[in-house]
Each structure stands twice: as structure tokens, then as C-alpha cells.
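Observations on chain architecture
The lines below spell out each chain.
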Protein chains: 2
Amino acid sequence: MLFAKAEKRVYVNDVAVRDGFQSEPEFVPTEEKIGLINRLSRTGLRKIEVTSFVSPKAIPNLRDAQEVMAGIERVAGVTYVALVPNERGCERALESGVDEINLVMSIGESHNLANMRMTCEQSLEQFRRVMELVRGSEVKVNGTVATAFGCPFDGDQPVYRVLWAVEQYQALGMHSVTLADTTGMAHPRQVAELSAAYMDLFSKLPATLHFHNTRGMGLANVIAGVDGGINSFDASLGGIGGCPFAPGATGNICTEDMVHMLESSGFDTGVDLDRLLAIARDLPQIVGHDVPGNLIRAGKRDELHARPATA
Amino acid sequence: MLFAKAEKRVYVNDVAVRDGFQSEPEFVPTEEKIGLINRLSRTGLRKIEVTSFVSPKAIPNLRDAQEVMAGIERVAGVTYVALVPNERGCERALESGVDEINLVMSIGESHNLANMRMTCEQSLEQFRRVMELVRGSEVKVNGTVATAFGCPFDGDQPVYRVLWAVEQYQALGMHSVTLADTTGMAHPRQVAELSAAYMDLFSKLPATLHFHNTRGMGLANVIAGVDGGINSFDASLGGIGGCPFAPGATGNICTEDMVHMLESSGFDTGVDLDRLLAIARDLPQIVGHDVPGNLIRAGKRDELHARPATA
């Protein structure tokens, strides 16, 4: 039976403020970002990826990383995460008081070269130097294996290469790992197989799955992951962001849609869905356009309609 | 492991020409319908729901039911299905030479009253009279249990009520059954549980699952159904149709997205996905607006991109 091995508790991490706002055509004002993070902090989310300490030239939309970190109200129990591409970013992140640093390497070499301008070997060398900077602090480090379910240039990646990357991360002392479907190539059987292999080898290293809905399979992959024993998932409020390759294609899976599915299916996400939905419904006004999420249009499954008058 | 009990062969039925075009604001010309059915007939779909023999006053968009049936080229191996609301519709359907009649009853009494203007008891009585009309012919009858995963007015329906309806259909001599999530309320655990109960009791009565993507869970529910041993699914080209309750909400799950997910996950749908995608990409021109499907925007997961030039 589906979910026979699944834990009841599933953790939800939101990436909208970083991954979503990063790819918006317009800069989202710092106060809007801070306001959104503060509201999200009170919904029961486990982690919020709040910004990226990249060069303001590379990603102007996140040029306010320090101001955002300085402006938010920290809520106990919420981990505030920042993406960090290099040592300089790590130093800025540490100064800003982040709880967790997220390091990203694509195991598709072509994608890593295109995205990070480094080979995988160079990425791992840099991660080593970042780990040195973090050592002695309370800050946690999460390692993301990007293109874990396929590279848009190199195609499918063998399972052993994903596991090799996880092993490298573990050896570097990282505290947790994210397997990311960077361009929406993951399919449910692949997720089931990779989850099983991961849990066989690394069950003590906390894992998160990060899916995109580019080809409509995002929530199906969450189900495959939960069934495979993974208990932590990234998603993005309203389904914004996620570097879609094609215009009109959706990127990240939608947080409120995922929470609704999981809670309906009897899982405990710890998230107050009504509160999350209210925030999601304000998102189109913040970004100035519609967002891909379904639940903000359709409402929850248990919001019944009045019976129509019949003859 | 996910899919441990699943068969490799999964059957796909398309409902776009009936369910999709029925709810379009504009009448789709008869020749367009015929052309689309003829193209779909050559993709490997198992069934095509081509029209509904309802009153032209009730659904003007399908007033050309006879002309459509008379105009299409029948391809061997494809079952041409028509929805039939009553005896008069059944007579017209039989005259038109359909392969299969689809009868629908909502097990949510309020929904059945609103949709069919009958109690469930009256619906079953009418089904009995329709079965009499069909007796002696080669025509098959499929019984749809609508609102099987919840009624928008009455809420969740107990599993035993779904199974009661299936038992009634079986006793009436129907050849197959569809469990339909009429308004997108199904969630994966419910699908797993209902599929298991169905297969325990009715494994010899062929079953189809019909999901909507109203709340984003459509393809996740397909995965739960396949995992539960069900091997036949309805979907709609481009994801059109499906009576969404809220404006902007999607209805039926998208055929090409579903086929892509299933084929990626190693299932054999018998469908030529490239051919299906080509037809789906022509659909916006036929209906005059964008359609919800993802794959027509993003392309298949194995359509790789050229490596970018890197320094």
C-alpha cells in the first residue's frame, strides 16, 4: 500500500523569497520581502530560504541580501537559510547571522559550468574552503545536488553519481543534503529509486527533495518521495520562480498546493494552511502578475459549496 | 517500493472532444471535432469520448453528436464512446453506431440532483431501462461513479457508498466502471485506499480512474492509482474542460502530461507521445485560447538543450 513506510511528519521549506523573487522581471522592494518572510515565519514552515549572497551584478534582484537578513523578525523554530555561491558570499552570510548556508553543485558538468562557471571538482574544492569558514560557528550547511534527476544539457545522470556527490558532501561535514530537480526532469519511478538508494546508504544524513513542476509531475514526485521515506520538501509560495526553460512553463512546485495534498493525505506538515493560503493570495499583488498555484483559485477540497436550488 | 504491484501496460482514454469542447465558450465546428478525433485515433489511445447525446438545448456545444459520429473514420482498436443521459440519448447513440455508452451517476445526492435532476435511485432505474435498450447489441456500457472522491456540496463520500454504486452497476450488467473525481477533490491516500478496496472486491470488472487537476493533485493521484493496481485513466488533451468551479482553475488532467509521466516511469501506454504532442500543440488554435497542459510549453524531459558556450 502507498505510504506504508512513510513517516507521518513531513517538513516543508519555502524558497519563494529567494528562488521566486530572484527571477522576477522587477525588483521586489526590500520591505515587501521582509514582510513576506515575517508572515511566512508564522505559518509553521520549517525553513525559509530568504536570499542569496551572490554578487549584486549577477543577480540584482537579491542585492538587498544583508538588509533582508537584518530586517526580518526571527521566529524560534524556523531556520533562515541563504544560498551562498563562494567564500565571499559565505563571509557576508555569516556576518548577516543566517542559520544555514545552502551550497549548490550541479552534477551535470555542463550545467555546473554554465550555472556556476566551475567544474564539479572546483565546486567541491570551494565547498571545502567554505566549510573552513563556517567551522566553529553554529551555522549549519546544506549541500544541494542540482540536476540530480537529469541535466538539460547532459541528460539523465546515473544514480551512482548522485550518491557520489552526497558522499562528498557528507565527507566535507555538511549537515544535510537536498536532491534538486533543477529543470523539472524527475519522474516518479526515478524518485522512488533514488529515494530508496539514498535511504539505504545515508539514512542518518537528513535529506530534502526539491522538485519543479515544469512538466506537471512535481506533486506526483513528492508522493513518490514521501512513499520512499523522505520527509522534507522544498516548494515555493504560489509556485513562483524556478528558472523555467520555456516561456510560460512553471518552475517550482507550489507550497500551498503541496501542503494541501500532504495534509489531505493524512500527513502532518505542521503548517497552518489557511494562514499560508492567505499569504499566497497576496502574492500576485506583490509580484504584479498571476502565479501558477492551483489552490488560491480552487480553494481547499473541504471548502464545500452551497447546494444549488433544484426543481 | 512504489509500483511494486503495478502492471506495465496502462490504458489511456481521451475526453477532450466531449468534456473539453462541451465547456468551451464558443461552439467548436463539427469538422474541427471530426478532424481532431481522426488524428487522436492514430495515436494509440484506447478510448476516445467523442460526444454526448444530450439535448441540444442543455448543451448546445454538442448539438452535432450525430454528425460527429457519422463523420469520423473509425480506426480498429479504438473504442468510440458517447455519454448518454437517458433513454432518448441511448437510442440516438445506438443509431449513431457508438462502440460504448457512458452512463453517469453522482453518488453525492445533491450533486446528482443538481447535475442530472434525479435522485440516485432514479438514476439507477434509468440505467436499468438503458441496459434494456442496449441488450442484444454489441455496444458496451461503462458506468461512471461521479463525485466518487467527494461531492462539492455533500463533502467526502464513504468508501462503502462508492463500492455500493459499483455493485449496482455490476448487477445491471455494465461492462466496466469509471471512478470519477468530478471536482478535483481526490487525494493520493484516498486513491490508494479506494483502489485497494476496488481491486479486492471487483478485480474482474475493468476500472478507469478519472481525475481533475483542480487542486494540482491530478497526476499525483494517477501515480497512487497505478500503484494501487488500476491500469486505465481518463485525461483530456491539453488539459481542457472539466467544469472547474472557480474561474482560472484547471479541470481535467492533461493527456500528454500524463502519458509523458507514465512513459518516463517505464509504463507502456501504447501512445505515440510525439504524435499526441503535435496534436495538443494545435489545440489552442482550435479553441482560441491557451490550454493548461505543461508539456506543450516545456517539451519532453529527454529533449536536451544545446550546451551554452562557457568561458
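What you see is a predicted model, and the numbers here were worked out from it, not measured in a lab. All residue numbers refer to position in the chain's written sequence, counted from 1. A letter from A marks each chain and a number from 1 marks each ligand, given out in the order of writing. Per-residue local features are limited, in this predicted model, to residues with pLDDT of at least 70; the limit for side-chain atom pairs, both in listing and counting, is 80 or more; totals at the level of whole chains, interfaces and linings are taken over all residues.

1. Concerning the overall build of chain A
As a reminder, the rule being used: Put simply, DSSP marks the helices as runs of H or I at least four residues long and the strands as runs of E at least two long, and each gets a number from the N terminus on. The reference for a compact globule is 2.2 Å times residues^0.38; the radius of gyration itself is calculated from the C-alpha atoms. A residue is called partly exposed when the number of other C-beta atoms within 10 Å of its own lies between 12 and 20, exposed at 12 or fewer, and buried at 20 or more, with C-beta atoms placed from the backbone.
When helices and strands are counted, chain A shows 12 helices and 8 strands. Taken over the C-alpha trace, chain A has a radius of gyration of 19 Å; the compact-globule value for 311 residues is 19 Å, and the two agree within 12%. Expressed as lengths along the three principal axes of its C-alpha atoms, the size of chain A is roughly 75 × 45 × 40 Å. Across the 311 residues in chain A, those meeting the buried criterion constitute 56%.

2. Describing the relation of the copies chain B and chain A
Selection rule: Least-squares fitting of one copy onto the other uses the C-alpha atoms of those residues that reach a pLDDT of at least 70 in both copies. Contacts here follow a simple rule: the backbone-placed C-beta atoms of the two residues must lie within 7 Å.
In the superposition of chain B on chain A (RMSD 0.0 Å, axial shift 0.0 Å), the rotation amounts to 180 degrees. Read as a symmetry element, the transformation amounts to a two-fold axis. When each C-alpha of chain B is compared by its distance to the rotation axis, Ala220(B) comes out closest, at 1.9 Å. Most of the interface of chain B is mirrored in chain A: 100% of its interface residues are interface residues there too.

3. Brief notes about the confidence of the model for chain A
For clarity, the cut-off: A score from 0 to 100, pLDDT tells how confident the predictor is in each residue.
The pLDDT averaged across chain A works out to 95; a share of 97% of its residues lies at or above 70. With pTM at 0.97, the complex prediction returns an ipTM value of 0.96.

4. As for the pairing of strand β5 (residues 140-146) of chain B
All names here are of chain B. Worth spelling out the cut-off: Two strands are said to pair when DSSP picks up at least two bridges between them. We call a crossover right-handed when, viewed with the strands running away from us, the connection from the first strand over the helix to the second turns clockwise.
The element β5 is largely enclosed, with a buried count of 6 among its 7 residues. Relative to strand β6 (residues 176-180), β5 runs parallel, the two sharing 4 bridges. Note on β6: the bridge partner recorded for Thr144 is Thr178. One crossover worth recording links β5 to the parallel β6 by way of helix α7 (residues 159-171), and it is right-handed.

5. Remarks on helix α6 (residues 120-134) of chain B
All names here are of chain B. So the rule is basically this: A helix's residues, less one, multiplied by 1.5 Å, set its expected span. Of all possible arcs, the one meant is that of the directions from the helix axis to the C-beta atoms.
For α6, built from 15 residues, the straight-helix expectation of 21 Å at 1.5 Å per residue is met to within 8% by its first-to-last C-alpha distance of 21 Å. Those residues of α6 that fall on the buried side of the exposure criterion are Ser123, Phe127, Val130 and Val134. End-on, the buried residues of α6 take up no more than an arc of 65 degrees, which puts them together on one face. Exposed residues lying more than 90 degrees from the buried face of α6 are Glu121, Glu125, Arg129 and Glu132.

6. Some details on the interface of chain B and chain A
Here is the rule we go by: When residue character is reported, Ala, Val, Leu, Ile, Met, Phe, Trp, Tyr, Cys and Pro are called nonpolar, Asp, Glu, Lys and Arg charged, and the others, Gly included, polar.
On the chain A side, the residues contacting the 52 residues of chain B number 53 residues. Elements with a minimum of two residues in the side of chain B that touches chain A: α5 (109-116), α8 (188-202), α9 (218-227), α10 (255-264) and α12 (295-298) of chain B. Ranked by residues supplied to the side of chain B that touches chain A, first place goes to α9(B) with 5 residues. Its residues assigned to classes, the side of chain B that touches chain A comprises 25 nonpolar, 18 polar and 9 charged.

7. As for the sheet that holds strand β1 (residues 11-14) of chain B
Our working rule: Here an axis means a line fitted to C-alpha atoms, over the contact stretch when the element is a helix, while the angle between two N-to-C directions is reported on a 0 to 180 degree scale.
Strand order in this closed barrel of 8 strands is β1-β2-β3-β4-β5-β6-β7-β8 (chain B), and the pairing throughout is parallel. Between one strand axis and the next, the sheet turns by 25 degrees as a mean value, whatever way the strands run.

8. A closer look at the pairing of β6(B)
Every other side chain in a regular strand lies on the same face of the sheet, so the side chains alternate between the two faces. Residues and elements named next belong to chain B. By the criterion of burial, β6 is predominantly enclosed, with 4 of the 5 residues buried. The pairing of β6 with strand β7 (residues 207-210) spans 4 bridges and is parallel. Opposite Ala180, over in β7, you have His210 as the bridge partner. Read from β6 through α8 to β7, the crossover connection turns out right-handed.

9. Some points on the nonpolar core
Taken as a class, soluble globular proteins show a tendency for nonpolar side chains to be buried jointly. The test is simple: The nonpolar core criterion groups buried Ala, Val, Leu, Ile, Met, Phe, Trp, Tyr and Cys residues into a set whenever they are joined through C-beta atoms within 7 Å.
One finds Val145(A) and Val145(B) to be the most contacted residues of the largest nonpolar core, which totals 187 residues. Residues in contact with Val145(A), not counting those within four places in the same chain, are Met105(A), Ile107(A), Val162(A), Ala165(A), Val166(A), Val177(A), Thr178(A), Leu179(A) and Ala180(A).

10. Some remarks on the packing of helix α7 (residues 159-171) of chain A against helix α8 (residues 188-202) of chain A
Residues and elements named next belong to chain A. Selection criterion: In this scheme the handedness of a crossing depends on how the near helix is turned from the far one: anticlockwise by less than a right angle means left-handed, clockwise means right-handed.
Between α7 and α8, the shortest axis-to-axis distance is 11 Å and the interhelical angle comes to 35 degrees. Crossing angle aside, the handedness with which α7 passes α8 is right-handed. Contact with α7, carried on its side by Val159, Val162, Leu163, Val166 and Gln170, involves Glu193, Leu194, Ala197, Tyr198, Leu201 and Phe202 of α8 and no other residues of that element. Classifying every residue of the contact of α7 with α8 gives 9 nonpolar, 1 polar and 1 charged.

11. Some details on the packing of helix α4 (residues 87-96) of chain B against α6(B)
For any two helices packed against each other, the geometry is given by the interaxial angle and the distance between the axes. Residue and element names in this part refer to chain B. How we decide: Angle categories are assigned with fixed cut-offs, so that under 35 degrees is roughly parallel, over 145 is roughly antiparallel, 65 to 115 is roughly perpendicular, and the rest are oblique.
Two elements in contact, α4 and α6, have axes whose closest approach is 9 Å; the angle formed by their N-to-C orientations is 25 degrees. Put simply, α4 runs roughly parallel to α6. In this structure, α4 crosses over α6, and the sense of that crossing is right-handed. When α4 is examined against α6, the residues Glu87, Cys90, Glu91 and Leu94 are found in contact with a partner set consisting of Arg129, Val130, Leu133 and Val134. Along the lines of polarity and charge, the residues of the contact of α4 with α6 split into 5 nonpolar, no polar and 3 charged.

12. Quick notes on the sheet that holds strand β8 (residues 232-235) of chain A
Residue and element names in this part refer to chain A. The parallel closed barrel is built from 8 strands, whose spatial order is β1-β2-β3-β4-β5-β6-β7-β8. Strand-to-strand twist in this sheet, taken as the mean axis angle between neighbours without regard to direction, amounts to 25 degrees. Judged from the 3 bridges that link them, strand β3 (residues 79-83) and strand β4 (residues 100-106) form a sheet pairing that is parallel. From the neighbouring strand, Val81 faces β4, where its bridge partner is Glu100.

13. Details of unusual backbone geometry
Residues and elements named next belong to chain A. Positive phi values are uncommon outside glycine, yet Phe3 reaches one of about 70 degrees. Along the chain, Phe3 falls in the segment before β1 (11-14). On the basis of neighbour count, Phe3 is assigned to the partly exposed category, with 19 C-beta atoms found within 10 Å.

14. With respect to the environment of Ala65(A)
Residues and elements named next belong to chain A. Summarising the element assignment, Ala65 is placed in helix α3 (residues 65-71). The spacing of Ala65 and Ala82 is 17 residues in sequence and 8.7 Å in space, taken between C-alpha atoms. With near-sequence residues (within four places) excluded, Ala65 lies in contact with Thr51, Ser52, Phe53, Ala82, Arg92 and Ser96.

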